[in-house]
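Residues per chain, in single letters:
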Amino acid sequence: MGQLFAQQSRVLDIYLAIGQSNMAGRAVVPPDLLAPLEGVFLFTGADWVAATNPLNIHSTIRKDSSMQRLSPSYGFARKMQELQGSKNLGLVVNAKGGTAIEEWMPGTPFFRDMLLRARLAAKDGTLRGVIWHQGESNAGKPDRYLEQLGQFITALRDSLSLPDLPFVAGQLSEDKDIRKPFNERLLELPKRIPHTAVVRSYGTATFDSTHFDSPSQVLLGERYAEKMNQLLEKNHGRHEFAFGLIADVQYADAATAGKRNYRGTLTTLQQTIPFLNAFEPEFVVSLGDLIDRDFASFDAPLGILEGVNAPMHHIWGNHDFSVADSLKAKVGEKLDNPTGYYSFEKGGLIFLVVNGMDISLEGHPEGSENYQKASEWMARLESSGANNAKPWNGGIGEEQLNWLVSKVNEAEESGKKVLVFCHYPLLPENGLHLLNSREVLAKIGPSPALVAWISGHHHEGNYVQDDQGTHHLTLRGMVEARSPAMGAVVRVYTNKLLIHGIGDEVDRVLEFK
């Protein structure tokens, strides 16, 4: 089963576990750690099998099989699954007790074996990182060791053509005083070699002054996973990650009217989800108007969206509030967005969820304070001849606008970029834009931090780049889709957004300011 999964799907996240006896594992395997790790596969050199202890059993260089027991690889794999969202994981474990770092350097049989197994395994997935525990044989020369380890890491990355491959090394037990200077010097590794980290051995115990006991091996494995995850997150921040977008599903149990296929939009939504999941997005944003009317309509699209393999963020749209006045206060809770606006961070970018229904006629019961404010805004806009003075539009109130400005300013001061999600566009001024779009643009538009304002509401979609370099992207509305699926996946790079259109949505490249 493991072999079939890996060879057919080729989606394993693969980690190389190498070193000497503590990485091979000398601790007793407790009964509760004998079962296979679900979703974790062990490379035999030819295929993949379910990962069960001992994990160094298929090593090409190991000592006698009876010596292979519990290593940190078990705790590492289990914790990595938790941190990485239960992705299928592959382990290539190739360790041997009693080995010195000189036996692992380029040109040695160990180095060649390690590369061969890593390359063979990578045919069934992606090599994500290396965990390394070695040094007991070199503890007497810590200065020399750090230089050697740096050469080893560089050669390994060069040989695999993976210059940023995360590498996590582990400290030795300090049950012997000779290892304390070694551990101190090892902590300097991340300063010398980029994309590396060190796992500390504090709080661990051994059963023979050298080899970690079972609880310590599990603990070290979890620490390896936490450090590895941090390195992967940093790499994603510098390189890329993806998020998904959909807009204006606008479901209702109603007959098609014009271009709006109210019932059929559920099928489009269902057919869009596999496209979103294929990109392994970090999150997916629904840009408002999940329904067209009636509070009971929420259940059907929300049920379908449970198939998304990522967290969902729901923006408030005007049709989401096309419900009885007595139910308007429950919409935010239903969409798991009780306040309507908030921020979150990913990969060094700040994402702002904005509530365009803050000051609106549709978003509040008739006669309420914000309803009255919206009425006054409408009157002023109508008297000035504004084309967006329409009951289906909304705006941002003073408190939220102050929050928005402060978030953009904070990002600018910290050198980070900002993406904003709102149901209403700021541009173009086609009558479907935010009621106070000019005020918002005046306050945050000049900031070099603001990359893009991403919206829905206008079903035909739109794109404008303003004079200050901000991108204004409006997604096409799913309720009017002519293609079987509709939406977009956005890949975030250090200097641009790559928009991959789903269905009739257009591909774009949005360069940062």
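Residues numbered from 1 in each chain as written. Predicted model: local features only at pLDDT ≥ 70, side-chain atom pairs only at ≥ 80, totals over all residues. Heavy atoms only, no water.

Okay, the overall build of the protein next. When its secondary structure is counted, the protein shows 14 helices and 21 strands. For the C-alpha atoms alone, the extent of the protein along its principal axes is close to 85 × 45 × 35 Å. Here the contacts in the protein between residues at least 6 apart in sequence split such that 72% fall between residues at least 24 apart. Working note: accessible area of the protein is about 20,700 Å², and carbon and sulfur atoms make up 50% of it. Averaged over its 50 positive side-chain charges, the protein has a centre that lies 8 Å from the centre of its 61 negative ones. (Helix = DSSP H or I, 4+ residues; strand = E, 2+ residues; numbered from the N terminus. Contact = heavy atoms within 4.5 Å. Areas by Shrake-Rupley, 256 points an atom, 1.4 Å probe, with all protein chains shown as cover. Lys, Arg positive; Asp, Glu negative; His and termini not counted. Charge placed at Lys NZ, Arg CZ, Asp CG, Glu CD.)

Here we take up the nonpolar core. Among the nonpolar cores identified, the biggest contains 54 residues, and L404, V418, V440 and W453 are the most heavily contacted of them. Counting 39 residues, the second-largest nonpolar core is a separate cluster that includes I18, I101, L149 and L156. (Core = buried A, V, L, I, M, F, W, Y, C linked by side-chain atoms within 4.5 Å. Buried < 20%, exposed > 50% of the residue type's maximum accessible area, 1.4 Å probe, protein only.)

Next up on the list: the sheet that holds strand β5 (residues 125-133). The strand order across the open sheet built from seven strands is β3-β2-β4-β1-β5-β6-β7, with neighbouring strands paired in mixed fashion. Edge strands, defined here as strands with exactly one partner in the open sheet, are β3 (48-50) and β7 (196-199). For this sheet the average axis-to-axis angle between neighbouring strands, irrespective of direction, equals 30 degrees. Two elements, strand β2 (residues 40-43) and strand β4 (residues 89-95), share three bridges in a ladder whose sense is parallel. (Pairing = 2+ DSSP bridges. Axes fitted to C-alpha atoms, helices over the stretch in contact; angles between N-to-C directions.)

A separate point is the sheet that holds strand β10 (residues 312-314). Taken together, the six strands give an open sheet; going across it, the order is β10-β9-β8-β19-β20-β21, and neighbouring strands pair in mixed fashion. Lying at the two open borders of the sheet, with one neighbouring strand each, are β10 and β21 (508-511). Averaged over neighbouring strand pairs, the angle between their axes works out to 20 degrees when direction is ignored. Where strand β8 (residues 241-246) lies against strand β19 (residues 487-492), five bridges are found, and the strand directions are antiparallel. Directly across from F243, in β19, lies its bridge partner V490. Across the sheet, helix α9 (residues 265-278) lies against β8, β9 (284-286), β19 and β20 (496-502), angled at about 170 degrees from β8, the strand it touches most.

It is worth spelling out the pattern of salt bridges at this point. One pass over the structure, following the stated rule, counts 17 salt bridges. A salt bridge links R260 to E480; the nearest nitrogen and oxygen atoms lie 3.5 Å apart. Linking R260 in the loop between β8 and α9 with E480 in the loop between β18 (471-474) and β19, this pair joins segments that are 220 residues apart in sequence. When its relative accessible area of 18% is taken as the criterion, E480 is described as buried. The salt bridge partner of R438 is E429, with a shortest N-O separation of 2.8 Å. A cluster of three or more residues bridged by salt bridges with shared partners is formed by D143, R185 and E188. (Salt bridge = Lys/Arg side-chain N within 4 Å of Asp/Glu carboxyl O.)

What follows concerns the environment of I502. Within the element layout of this structure, I502 appears in strand β20. Expressed as a C-alpha distance, the spacing of I502 and F207, which sit 295 residues apart in the sequence, is 57 Å. Aside from chain neighbours lying at most four places away, what touches I502 is T272, F275, L276, A485, M486, G487, A488 and V489.

With respect to the helices, strands and loops of the structure, L497 is situated in strand β20. Distance from L497 to R508, taken between C-alpha atoms, is 8.1 Å for residues eleven residues apart in sequence. If sequence neighbours within four positions are ignored, L497 has contacts with L419, V451, A452, V490, R491, V492, R508, V509, L510 and F512.

To continue, consider a negative patch on the surface. Taken together, E174, D175, E184 and D208 make up a surface patch of like negative charges. When you line up the elements, D208 lands in the loop between β7 and α8 (214-238). (Patch = residues over 30% accessible without salt bridge, like charges linked within 9 Å, V, L, I, M, F, W, Y side chains within 5 Å.)

Another point: the confidence of the model for the protein. Per-residue confidence for the protein gives a mean pLDDT of 93; residues scoring 70 or more make up 97%. Every residue in residues 1-9 scores below 50 in pLDDT, and together they form 15 contacts with partners more than four places removed in sequence or on other chains. (pLDDT = per-residue confidence, 0-100.)

Before going further, it helps to examine the environment of L427. Looking at where L427 falls in the secondary structure, it is placed in the loop between β15 (417-421) and α14 (437-444). Sequence-wise, L427 and W453 are 26 residues apart; in three dimensions their C-alpha atoms are separated by 9.0 Å. Ignoring anything within four residues of it in the chain, the contact list for L427 reads L441, V464, D466 and H472.

Turning next to the side chain of Q68. By the element assignment, Q68 lies in the loop between β3 and α3 (72-83). Overall, Q68 belongs to the buried group, its relative accessible area being 4%. Among the polar contacts listed, one links the side chain of Q68 to the side chain of N56, at a separation of 2.8 Å. Non-local contacts of Q68, meaning those with residues more than four positions away in its chain, are made with A24, G25, R26, P54, N56, I57, R62 and K63. (Polar contact = N/O pair within 3.5 Å; in protein donor to acceptor, adjacent residues only side chain to side chain.)

Take the packing of aromatic side chains next. If you walk through the whole model with that rule in mind, you get 21 aromatic pairs. One aromatic cluster in this structure is built from F241, F243, F283, Y342, F344, F351 and F421. The ring centre of Y262 lies 4.9 Å from the NZ or CZ of R293, which sits over that ring. (Phe/Tyr/Trp six-rings, centres within 6.5 Å; stacked < 30°, edge-to-face > 60°. Lys NZ or Arg CZ within 6 Å of the ring centre and 35° of its normal.)

This next bit is on the packing of helix α13 (residues 398-413) against α14. Where α13 meets α14, the axes come as close as 10 Å, and the angle between the chain directions of the two elements is 30 degrees. What the angle tells us is that α13 and α14 run roughly parallel. Remark: the crossing between α13 and α14 carries right-handed chirality. Between α13, through L401, L404, V405 and V408, and α14, the contact on the second element is made entirely by E439, V440, K443 and I444. (Parallel < 35°, antiparallel > 145°, perpendicular 65-115°, else oblique. Left-handed = near helix turned anticlockwise from the far one by under 90°.)

This part is about helix α6 (residues 179-186). Inspection of α6 places R179, F182, N183, R185 and L186 among the buried residues, and these make up the whole buried set. Each buried residue of α6 sits inside an arc of 165 degrees when the element is viewed along its axis, so together they form one side. (Arc of directions from axis to C-beta.)

A separate point is the packing of helix α5 (residues 142-160) against α6. Packing of α5 against α6 brings their axes to within 9 Å, and their N-to-C directions diverge by 40 degrees. Comparing the axis directions of α5 and α6 gives the class oblique. The hand of the α5/α6 crossing is right-handed. Across from P142, D143, Y145, L146 and L149 in α5, the residues of α6 making contact are P181, F182, R185 and L186.

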